[in-house]
Amino acid sequence: MEKQVVDGLREVFQSGRSRPLQYRKQQLGALHRLITEHQEDIEQALKQDLNRNTYNTSLFELISIENDIKLAESEMADWAAPRPVKKNLNSALDDVYIKPEPLGVVLIIGTWNYPWAMILQPLVGAIAAGNAAVLKPSELSEHSARLMKELLPLYLDKEMYQVVTGGVPETQELLRQRFDHIFYTGSSAVGKLVMEAAARHLTPVTLELGGKSPCYVDKNCDIAVACRRITWGKFANCGQTCIAPDYILCEPSIQDRIVEEIQKTLLEFYQTDPKSSPDYCRIINTRHFDRVLALMNECTIALGGESDRSQCYIAPTVLKDVLPHFKIMQEEIFGPLLPIVTVNGLSEAIQFINAREKPLALYVFSSDKTVIKRMLAETSSGGVTVNDVLMHYTVDTLPFGGVGNSGMGRYHGKHTFDQLSHHRACLIKSFAMEGLNDARYPPLTAARLRKAKFFMQHRLCSCSGICVWAVIANLLAIGLKDNVP
């Protein structure tokens with residue numbers, strides 16, 4: 001079944017249907033209509049999957065999708081246009097440019113924590129770049145997956161864009177097929193399997209993974225504001241966000257103050273009972289509930305800790321005096337647990353971060369520019385936000401992606417278009433001025449080599465064609481043209 005889907009899409013893609021920009025704009029407009037006309041259906045599906053309310057669905061998923069569509073519609077012509085490059089003297093009279101071209105058939109494997117944004121944002125770039133696409137939503141967010149499979153063929157060209165649902169067997173079968181690019185969002189463990197499968201066909205991959213994103217809180221900062229922002233970013237979507245602050249690093253002297261400020265913020269956000277708050281989500285299923293709950297073993301609970309397996313509910317929880325060897329520090333939490341690890345100052349915090357895998361995001365809270373500069377200069381991460389969390393994700397001109405164990409490749413806005421395009425190198429020569437090519441033809445001499453070296457090593461400024469001709473004429477006049485018979 002999966003092979004037939006991929007082969008069918010490839011045949012239609014190769015017919016050239018998606019080459020015209022007008023076709024791509026029509027598909028993007030149809031995708032926008034899907035979002036706006038079925039917003040209530042999408043909200044209901046996410047309510048069933050994650051207990052997410054209307055406002056959080058718009059804030060964390062739909063707004064970003066709509067923004068990406070609008071941006072692609074308005075900028076796509078410029079993105080797809082030939083991109084002139086600087087020339088050397090050797091290519092002074094040639095047309096030299098980069099031409100973005102569609103890759104072909106793209107596989108987009110989504111995840112369950114943001115089941116619409118993590119599929120449709122890459123799809124926007126795939127459409128804008130002129131590709132066909134297979135979408136594989138996560139089976140864990142089953143209501144969203146079912147709705148996506150139902151709605152997409154009603155709006156998009158079903159001969160170019162198809163949804164394949166199912167679990168691990170269906171995903172494995174898809175990965176056996178030959179794609180021109182695979183875009184995967186999920187865990188590092190599964191990312192390795194995706195990359196291994198892609199290697200069999202030499203298929204390039206974009207892996208948007210995760211990891212333990214650290215959050216360093218310097219004693220020289222507005223701790224109340226810092227904790228308010230951290231609390232929002234950590235407990236939104238019940239902690240099930242790939243760039244959520246995974247743990248806090250701070251000096252022992254401010255640990256209790258941080259706990260106190262987070263407690264105040266939790267009361268503000270979710271009142272006395274987060275379980276009854278319309279703004280507090282749930283763990284996706286009981287398997288993940290059991291996994292997250294087990295991470296609290298050996299930890300000291302400073303705030304929260306309550307749970308209800310029947311509702312997949314775990315309260316916003318802060319854990320203090322957490323030691324590096326605890327189980328909670330060995331894997332990405334992906335839940336509403338916030339451990340605090342104490343360090344003796346900035347240098348120890350940097351050492352702690354660098355001793356672990358490179359994270360998808362890094363957060364630094366400080367009013368000291370020296371602290372900020374050192375954190376930026378001496379650590380590595382996919383992205384970084386200073387004095388806030390998550391917000392670098394919302395800037396579509398910034399590339400979003402990981403490094404090392406947290407992933408490879410990048411997307412958002414034009415970055416998605418570029419990621420899912422082939423940047424074809426193009427050089428167009430005329431048959432004129434053949435004498436300038438003597439330097440590369442046999443019989444080779446020292447004089448010809450000097451001439452070739454000069455022409456290849458000198459770049460042109462942004463000057464007119466008349467100026468180029470004058471330069472070449474002068475070079476020939478002063479003897480760069482050898483006299484080999």
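Scroll up a little and you will see the structure.
Predicted model, so just to flag it, every value in this text is computed and none were measured. (Residues numbered from 1 in each chain as written. Predicted model: local features only at pLDDT ≥ 70, side-chain atom pairs only at ≥ 80, totals over all residues. Heavy atoms only, no water.)

Student: Break down the nonpolar core for me, citing the residues and quoting the values.
Tutor: In this structure, Leu123, Val217, Ile248, Ile258 and Ile328 are the most contacted members of the largest nonpolar core, which totals 138 residues. Among the elements that make up this core, the one with the highest residue count is helix H5 (residues 117-128) (nine residues). In this structure, Leu123 is in contact with Leu31, Ile108, Ala133, Leu135, Leu156 and Tyr161, ignoring residues within four places of it in sequence. In this structure, Leu89, Ala92, Leu436 and Phe455 belong to the second largest nonpolar core, which totals five residues. (Core = buried A, V, L, I, M, F, W, Y, C linked by side-chain atoms within 4.5 Å. Buried < 20%, exposed > 50% of the residue type's maximum accessible area, 1.4 Å probe, protein only. Helix = DSSP H or I, 4+ residues; strand = E, 2+ residues; numbered from the N terminus. Contact = heavy atoms within 4.5 Å.)

Student: Got a sec to walk through the sheet that holds strand E17 (residues 407-408)? Specific residues and values, please.
Tutor: Read from one edge to the other, the open sheet built from six strands follows the order E5-E4-E3-E6-E7-E17, with strand pairing classed as mixed. Edge positions in the sheet fall to strand E5 (161-163) and E17, since each of these pairs with one other strand and no more. Strand direction decides the pairing type here: strand E6 (residues 181-185) and strand E7 (residues 205-208), joined by four bridges, are parallel. Among the inter-strand pairings, Tyr184 is bridged to a residue of E7, identified as Leu207. Sitting on the sheet, helix H1 (residues 2-14) is in contact with strand E3 (105-109), strand E4 (132-136) and E5, with an inclination near 155 degrees to E4. (Pairing = 2+ DSSP bridges. Axes fitted to C-alpha atoms, helices over the stretch in contact; angles between N-to-C directions.)

Student: An account of H1 is needed here, citing residue identities and associated values.
Tutor: Here H1 is 13 residues long and its end C-alpha atoms lie 18 Å apart, about the 18 Å a rise of 1.5 Å per residue gives. Residues Glu2, Val5, Val6, Leu9, Arg10, Val12 and Phe13 constitute the buried set of H1. One side of H1 carries all its buried residues, which in axial view fall inside an arc of 165 degrees. Facing away from the buried side of H1, by more than 90 degrees, are the exposed residues Gln4, Glu11 and Gln14. Contact partners of the buried residues in H1: strand E2 (95-102), E3, E4, E5 and helix H7 (168-175). (Expected span 1.5 Å × (residues − 1). Arc of directions from axis to C-beta.)

Student: How would you explain the sheet that holds strand E13 (residues 317-320) if you had to name every residue and give the values?
Tutor: Pairing within the open sheet is mixed, and its seven strands lie in the order E10-E13-E14-E9-E8-E15-E16. Strands with a single pairing partner mark the edges of an open sheet, and in this sheet they are strand E10 (300-303) and strand E16 (383-386). Averaged over all pairs of adjacent strands, the angle between strand axes in this sheet comes to 25 degrees, irrespective of strand direction. Relative to strand E14 (residues 337-342), E13 runs parallel, the two being bridged by three bridges. If you follow Thr317 over to E14, its bridge partner there is Leu337. Of the strands in this sheet, strand E8 (214-217), strand E9 (247-250), E14 and strand E15 (361-365) are in contact with helix H12 (residues 346-354), which crosses E9 at around 150 degrees.

Student: Describe the packing of aromatic side chains, listing the residues and the values that go with them.
Tutor: What the rule picks out here adds up to eleven aromatic pairs. Ring geometry for Phe60 and Tyr114: centres 6.2 Å apart, planes at 35 degrees, overall tilted. Of this pair, Phe60 sits in helix H4 (residues 54-80) while Tyr114 sits in the loop between E3 and H5, and the two are 54 residues apart along the sequence. Neither Phe60 nor Tyr114 differs from the other in exposure class; each is buried. Relative to Tyr411, the ring of Phe183 has its centre 5.0 Å away and its plane inclined at 80 degrees; by these criteria the two rings are edge-to-face. With Phe183 in strand E6 and Tyr411 in the loop between E17 and helix H14 (414-419), the pair connects residues that are 228 residues apart, well separated along the chain. Just as Phe183 is buried, Tyr411 falls in that class too. Members of the aromatic cluster, each reached through a chain of ring pairs, are Phe183, Tyr393, Phe400 and Tyr411. One cation-aromatic arrangement involves Arg356 over Phe352; the distance from NZ or CZ to the ring centre is 3.6 Å. (Phe/Tyr/Trp six-rings, centres within 6.5 Å; stacked < 30°, edge-to-face > 60°. Lys NZ or Arg CZ within 6 Å of the ring centre and 35° of its normal.)

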